[in-house]
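So the chains spell out like this:
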Amino acid sequence: FQLTVPIAVVFAPGTVPRDLPRPLPFRDMQEMEIPVNLRTSVTSRYEMVYRSTMAQEEAALGAATAREADAALRPLQDASLGSLTMYVVPETSSLLPQGISIYVGKHRSALVRAGGDLATLHTRLRQVTQVMSFTASSIAAALSDRVPDGQLGPDARRHLKSSLGYEITFSLLNPDPKSHAVDWDIEDAVNRYVQPVLDKLSLVANFSVDSQILYYAVLGVTPRFDKESSSFLLSAHSLPHVINPVEARLGSSAASLYPVLNFLLYVPERSHSPLYIQDKDGAPVSTNAFHSPRWGGIMVYNVEAPASAQASLPLHVDVDMVRVMEVFLAQLRLLFGLSREELPAEFLLERPGNEGLADWELDRLLWAHTVENIATVSTTLTSLAQLLDKIGNIVIKDDVASEVVYRAVASAQSAVAELAVGHLHSAFQASKEAATSSERAFFDPSLLHLLYFPDDQKFAIYIPLFLPMAVPILLSLTKIVRESRQCKKEPTKMD
């Protein structure tokens, strides 16, 4: 299928390259093939509209800084999901700092230096589209189930799979409540730092947030004492062994219909304080935290030892929620694949602010989830068809076929068609409906009781019932046949 990105390239006065093929305004289209496997490929299409700035845009580009210009240009550009607007500014423009050629704002626009000729401009525009829309690696990660392992990057399977909802659980682990009375204002922290991010992600899925405090919950790994620093250390190779013992105490994923994201704040017991995490090279991790792909993250929060050895226990500890939430939000971005890649030195990316992610980052997530949903629908319906071929006693009822299966196919086709014309929002909504319908079809109750009742189980159930009845009947029939044969052999007496 095709992924179409609408792009507007807007030239400020004095920035139009001399070797531009046609006078402004005009349209152009560029295509790139993204191979997935031997049977599947994705075509990325960039529909570019070249035009000059309008009067309001020229006034906005006259701002003092790139951030002010980005804010002033937002009402003047196409705000539809998946669209991009790139403003070409003169080489001598003071909007961009020295040494910066490309500025990517918080919304769906970027400022690009002209570069002199058309080839340089095209190179910079291509770099911007790779950052703000999707890349071959992001599409391959969305289709990771279909891509050969050798072609996947190291982080391709680290992101969360697309889902209709996610449950986020914040847990405070206090293994030594006799020594530490820990107080954390998790409700206020969620409202101030987490909720703005979830409001932005509400278009992607539904989110529920809860919290808990677990006492006497230990990590399950004994840290190593370091004499030089008089501290305890957790090495990188021991971190995977931390998850399972802790997860057994959480209990949040047992009754959950959706993936659960666990964020744990661990206050070390007094006998193992202070506790620090080391990376693979043996250096201390600056955040004193680590994350587990598709699971969540753990942060170790050390408590300062009391100044006096005679201090009364338990010590009252007020958790610095700003420092904690900075770590958890960074881990949340990693779980959703929103980590910012290494960019050339000439790039400048605006920080997203309180919202936690930029508009174009939301678009990147929607591109990936839409492609993944369509692939999931295809896999689910293909598996259902193969199941029907293998188990002959399964029959799909007419209402299930019309209301679920046909709707899933129609929604998937609609999503593919909307992607081809660059309507990202409607394509994502159609892909969600297709994924929901396909799952309902596969797990419909009218199919499940037939799915787990194959022919061998029929024999196992019915033979004990009918065999005791069949034995005397067969013996009687055998006796009747034997007697009838003997009667035929004996001569008939004549009077």
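Residues numbered from 1 in each chain as written. Predicted model: local features only at pLDDT ≥ 70, side-chain atom pairs only at ≥ 80, totals over all residues. Heavy atoms only, no water.

As annotated in an unreviewed UniProt entry, the chain is PIGS transamidase from Bucorvus abyssinicus. Here is the UniProt Sequence similarities (unreviewed entry) comment for the chain, exactly as written: "Belongs to the PIGS family." (UniProt positions renumbered as here; feature names shortened; annotations may be inferred.)

**Q** Please clarify how the pattern of salt bridges should be interpreted in this entry.
**A** Overall, the coordinates contain twelve salt bridges when judged by the stated rule. Between Asp359 and Arg74 there is a salt bridge, and its shortest N-O distance comes to 3.7 Å. Highlighted residues: Asp359 in helix H8 (residues 359-390) and Arg74 in the loop between helix H2 (66-73) and strand S4 (84-89), separated in sequence by 285 residues. Using a relative accessible area of 6% as the deciding quantity, one classes Asp359 as buried. Judged by relative accessible area, Arg74 falls into the partly exposed class, the value being 44%. One salt bridge in this structure joins Arg333 and Glu361, with 2.6 Å as the shortest N-O distance. (Salt bridge = Lys/Arg side-chain N within 4 Å of Asp/Glu carboxyl O. Helix = DSSP H or I, 4+ residues; strand = E, 2+ residues; numbered from the N terminus. Buried < 20%, exposed > 50% of the residue type's maximum accessible area, 1.4 Å probe, protein only.)

**Q** What is the right way to read the nonpolar core from this model?
**A** Looking at soluble globular proteins, one finds that nonpolar side chains tend to be buried together. With 89 residues, the main nonpolar core has Phe170, Leu265 and Phe336 as its most contacted residues. No other element matches H8, which puts nine residues into this core. (Core = buried A, V, L, I, M, F, W, Y, C linked by side-chain atoms within 4.5 Å.)

**Q** Please explain the layout of surface pockets as it appears in this structure.
**A** The method is simple in principle: a probe with the dimensions of a water molecule rolls over the atoms, and the space it marks as empty is what remains. Roughly 560 Å³ of internal volume is contained in the second largest pocket. What lines the second largest pocket is a set of 16 residues, among which Arg333, Arg351, Pro352, Gly353 and Gly356 lie closest to the centre. Of all the secondary structure elements, the ones that give two or more residues to the lining of the second largest pocket are helix H5 (186-201) and helix H7 (321-335). Sort the elements by how many residues they give to the lining of the second largest pocket and H7 lands first, with seven residues. Taken together, the residues of the lining of the second largest pocket sort by class into eight nonpolar, three polar and five charged. (1 Å grid on protein atoms, 1.4 Å probe; cavity = no way out; pocket = protein on both sides within 12 Å on 5 of 7 lines; lining within 4 Å. Points joined across faces, edges and corners; volume = space filled by probe spheres on them. Nonpolar A, V, L, I, M, F, W, Y, C, P; charged D, E, K, R; others polar.)

**Q** Even after reading the chapter, I still don't get unusual backbone geometry, so can you show me in this structure?
**A** Excluding glycine, most residues fall at negative phi; most peptide bonds, likewise, are trans. Here the amide bond leading from Leu24 into Pro25 is cis, since omega sits at -10 degrees, within 30 degrees of zero. Locating Pro25 in the fold gives a position in the loop between strand S1 (2-11) and strand S2 (26-35). Between Ser273 and the following residue, Pro274, the backbone shows a cis peptide bond with an omega angle of -10 degrees. Positionally, Pro274 belongs in the loop between strand S12 (260-266) and strand S13 (275-277). A positive phi is found at Tyr216, a non-glycine position, where the angle reads about 60 degrees. Among the structural elements, Tyr216 can be located in the loop between strand S9 (206-215) and strand S10 (224-226). Phi angles above zero are rare outside glycine, and Arg294 is one such case at about 60 degrees. Within the element layout of this structure, Arg294 appears in the loop between strand S14 (289-292) and strand S15 (296-300). Overall, the relative accessible area of 34% leaves Arg294 in the partly exposed class.

**Q** Just checking my understanding: could you explain the packing of H8 against helix H9 (residues 398-420) for this structure?
**A** Each packed pair of helices is defined by two parameters, the angle between the axes and the distance between the axes. Following both chains from N to C, one finds H8 and H9 inclined at 145 degrees, their axes separated by 10 Å at the closest point. Read as a crossing pair, H8 and H9 show a hand that is left-handed. In contact with Trp367, Thr370, Ile374, Val377, Leu381 and Leu384 of H8, H9 contributes Val405, Ala408, Val409, Ala412, Ala415, Val416 and Leu419. Of the residues contributing to the contact of H8 with H9, the split by class is twelve nonpolar, one polar and no charged. (Axes fitted to C-alpha atoms, helices over the stretch in contact; angles between N-to-C directions. Left-handed = near helix turned anticlockwise from the far one by under 90°. Contact = heavy atoms within 4.5 Å.)

**Q** Would you mind going over a nonpolar patch on the surface with me for this structure?
**A** Together, Phe459, Ile463, Leu467, Val471 and Leu475 make up an exposed nonpolar region whose accessible area comes to about 500 Å². In this fold, Phe459 is placed in helix H12 (residues 455-489). (Patch = residues over 30% accessible without salt bridge, like charges linked within 9 Å, V, L, I, M, F, W, Y side chains within 5 Å. Areas by Shrake-Rupley, 256 points an atom, 1.4 Å probe, with all protein chains shown as cover.)

**Q** Quick question: what am I supposed to make of the sheet that holds S12 here?
**A** Hydrogen bonds between backbone groups are what pair the strands of a sheet, and the pairing can be parallel or antiparallel. Reading across the sheet, the five strands line up as S9-S7-S12-S15-S14 and stay open at both edges, with mixed pairing between neighbours. Both outer strands of the open sheet, S9 and S14, are each paired with one neighbouring strand and no more. The sheet shows a mean angle of 15 degrees between the axes of neighbouring strands, taken without regard to direction. Across seven bridges, strand S7 (residues 165-174) lies against S12 in parallel orientation. Note on S12: the bridge partner recorded for Ile168 is Leu261. Most of the contacts of H5 go to S9, to which it runs at about 155 degrees, and overall it touches S7 and S9. (Pairing = 2+ DSSP bridges.)

**Q** Is there a simple way to think about the environment of Gly353 in this case?
**A** Relative to the assigned elements, Gly353 resides in the loop between strand S17 (347-349) and H8. Here Gly353 falls in the partly exposed class, since its relative accessible area comes to 47%. As a C-alpha pair, Gly353 and Thr436 span 83 residues in sequence and 33 Å in three-dimensional space.

**Q** Sorry, what's going on with the side chain of Ser44 here?
**A** Along the chain, the position of Ser44 falls in strand S3 (residues 41-52). Among all residues touching Ser44, those that are not within four sequence positions of it are Leu3, Gln30, Glu31, Met32, Ile34 and Phe134.

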